[in-house]
Amino acid sequence: MTMNEILMLGLALAAGGVLGGCFFGGLWWTVQKGLASDRPALWFFTSLVLRTGLVLTGFTLVGGNDWRRLLLCLLGLVLARPIVTRLTGPAGTSSSLTREPRHAP
């Protein structure tokens, strides 16, 4: 494996992370807007179509004809989910290690 191939695989992983950030960040934004809207179904349907189209187009462009790039792009998308979830969580929450118990002593 040449250095160029390794660089391309790293870029495919990063591109998957960006696509995942857009997909899951867009989902968070859609939920925020959709819950406050008079027509939430329109928000959710339009968002689904746009986010899915973006990810499929990105996978097609990044993956090309190389299954390794496609797989790493998918891995980047999957790894972006917990990051976006952590960044968009409710304000004032902390990690599960520092939370107080939710039951009586």
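Scroll up a little and you will see the structure.
All of these numbers come straight from a predicted model, not from anything done at the bench.

Rules and cut-offs
Every chain's residues receive numbers from 1 upward, in the order its sequence appears when written. Only residues with pLDDT of at least 70 get local features here, since the model is predicted, and only at 80 or more are side-chain atom pairs given and counted; chain-wide, interface and lining totals rely on the full set of residues. Values reported for side chains reflect all heavy atoms of the structure, with hydrogen atoms and water molecules removed beforehand. Secondary structure elements follow DSSP: runs of H or I no shorter than four residues count as helices, runs of E no shorter than two count as strands, and numbering proceeds from the N terminus. Between buried and exposed lies partly exposed: a residue is buried under 20% and exposed over 50% of the maximum accessible area for its type, with that area taken using a 1.4 Å probe on protein chains only. Here a residue-residue contact requires only that any non-hydrogen atoms of the pair lie within 4.5 Å. Per-residue and other accessible areas follow the Shrake-Rupley method at a 1.4 Å probe size, with only the shown protein chains counted as cover for residues. Only four residue types enter the tally: Lys and Arg on the positive side, Asp and Glu on the negative side; His and the chain ends are excluded. For salt bridges, the criterion is a side-chain nitrogen of Lys or Arg within 4 Å of an Asp or Glu carboxyl oxygen. Working rule for helices: expected span equals 1.5 Å times residues minus one.

S.K.: Tell me about the overall build of the protein, and name the residues and values.
M.R.: Looking only at helices and strands, the protein has three helices and zero strands in total. Secondary structure elements in the protein, listed N-terminal to C-terminal, are α-α-α. Burial status across the protein gives 23% buried among its 105 residues. Restricting the contact set of the protein to residue pairs at least 6 apart, pairs at least 24 apart contribute 66%. Summed over its atoms, the accessible surface of the protein is roughly 7900 Å², and 70% of this surface lies on carbon and sulfur atoms.

S.K.: Could you give an account of the side chain of R51, with specific residues and numbers?
M.R.: Considering the arrangement of structural elements, one finds R51 in helix α2 (residues 40-63). This buried residue, R51, is left without a salt bridge; D38 holds the nearest opposite charge, at 20 Å. Excluding anything up to four places from it in sequence, R51 contacts F23, G26 and L27.

S.K.: Now, about α2: what can you tell me, with residues and values included?
M.R.: For α2, which comprises 24 residues, the first-to-last C-alpha distance of 34 Å matches the rise-based estimate of 34 Å (1.5 Å per residue) to within 8%. Elements that come into contact with the buried residues of α2 comprise α1 (3-35) and α3 (67-87). Just downstream of α2, G64 is the residue with a positive phi angle, here 55°.

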